[in-house]
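# Geometric and topological summary
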Amino acid sequence: RKEVEQDPGPFNVPEGATVAFNCTYSNSASQSFFWYRQDCRKEPKLLMSVYSSGNEDGRFTAQLNRASQYISLLIRDSKLSDSATYLCAVNSHSGNTPLVFGKGTRLSVIA
Amino acid sequence: NAGVTQTPKFQVLKTGQSMTLQCAQDMNHNSMYWYRQDPGMGLRLIYYSASEGTTDKGEVPNGYNVSRLNKREFSLRLESAAPSQTSVYFCASSEVAGPYGYTFGSGTRLTVV
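## Thoughts on the overall build of chain B
The helix and strand inventory of chain B stands at zero helices and eleven strands. Taken over the C-alpha trace, chain B has a radius of gyration of 13 Å; the compact-globule value for 113 residues is 13 Å, and the two agree within 12%. Oriented by its inertia axes, the alpha-carbon framework of chain B measures out at about 35 × 30 × 30 Å. Considering only residue pairs separated by 6 or more positions, chain B has 56% of its internal contacts joining residues 24 or more positions apart.

Now the structure itself:
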């Protein structure tokens, strides 16, 4: 099992739809979790951290399920501008070790 | 604007040539990283520097060397470029290694022919 796995998609959804992505991780000792957004031919940009209790930022909600070892990202009321690749990142070991990134899930929001 | 600056943005090398990718950050971050991104492979860590004066190998270090020149700068060197090193290279930084979000540079697109 790879350290961090994501469904590559693409997810093609109409404007206004709700879409959810999952990301599974293999190391139960992982402590830190993030979602990044990457536009075509651009660098990844931090979208949001994922906290144990779940957290929300506008139309975006992130959740952590430690028992099943996955994190999720929910996007409500999808906009055309949400079209991008979404990368999850996990601090794969306890302590100060670098983030391991998933390969990304591609989202296309269609008018 | 504050952030991570990478140079060059584009480069074409011939097999066997050498080059150094430069990265500098002005956020007073302690930790810096080099990743490469290939289609279907995602971001893979090449080397990182948890703090000034230290460097460690990542997942794919072969064929690369790094230098943490000072707190701001972290360079990546290809001594003898190979076509397999054709990729997009991203430098990133964070306050400390691990449990903090990273800020990425805009990337270097390298083609080795």
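## Describing the interface of chain B and chain A
Residue-level contacts link 20 residues of chain B with 18 residues of chain A. Of the roughly 1,500 Å² buried between chain B and chain A, counting both surfaces, carbon and sulfur atoms make up 58%. The largest share of the area that chain B buries against chain A comes from Leu43, Phe104 and Arg109 of chain B, three residues that together contribute 28% of it. At the boundary of chain B with chain A, the tally comes to zero salt bridges.

## A few points about the state of the cysteines
By definition, a disulfide is the covalent link that joins the sulfur atoms of two cysteine residues. All names here are of chain A. Scanning the entire structure with this criterion turns up two disulfides over all chains. Here Cys23 engages in a disulfide with Cys88; their sulfurs sit 1.9 Å apart. Taking the sign of the S-S torsion, 65 degrees for the link of Cys23 and Cys88, the bridge is right-handed. Of this pair, Cys23 sits in strand β3 (residues 19-25) while Cys88 sits in strand β9 (residues 84-91), placing them 65 residues apart in sequence.

## Remarks on the pairing of strand β5 (residues 44-49) of chain A
Residues in a regular strand point their side chains to alternate faces of the sheet. Residues and elements named next belong to chain A. Where strand β4 (residues 33-38) lies against β5, five bridges are found, and the strand directions are antiparallel. Within the sheet, the bridge partner assigned to Arg37 lies in β5 and is Lys45. The turn joining β4 and β5, which pair antiparallel and follow one another in sequence, is formed by five residues; a positive phi near 65 degrees is taken by Arg41.

## Side note on the sheet that holds strand β1 (residues 4-7) of chain B
All names here are of chain B. One open sheet accounts for four strands, arranged β1-β3-β8-β7; its pairing is antiparallel. Of all the strands in the sheet, just β1 and β7 (64-68) have a single pairing partner and so form its edges. Shown here is a sheet whose adjacent strand axes are inclined to one another by a mean of 15 degrees, direction ignored. For β7 and strand β8 (residues 74-78), the ladder comprises five bridges, and the chain directions are antiparallel. Looking at the pairing, Arg68 lines up with Phe74 of β8.

Quick notes on the rules
- Residues numbered from 1 in each chain as written.
- Chains lettered and ligands numbered in written order.
- Predicted model: local features only at pLDDT ≥ 70, side-chain atom pairs only at ≥ 80, totals over all residues.
- Heavy atoms only, no water.
- Helix = DSSP H or I, 4+ residues; strand = E, 2+ residues; numbered from the N terminus.
- Rg over C-alpha atoms; globule rule 2.2 N^0.38 Å.
- Contact = heavy atoms within 4.5 Å.
- Buried area = accessible area lost by both parts, 1.4 Å probe.
- Salt bridge = Lys/Arg side-chain N within 4 Å of Asp/Glu carboxyl O.
- Disulfide = S-S within 2.5 Å.
- Pairing = 2+ DSSP bridges.
- Axes fitted to C-alpha atoms, helices over the stretch in contact; angles between N-to-C directions.

Limitation: the analysis is restricted to geometry and does not speak to function.
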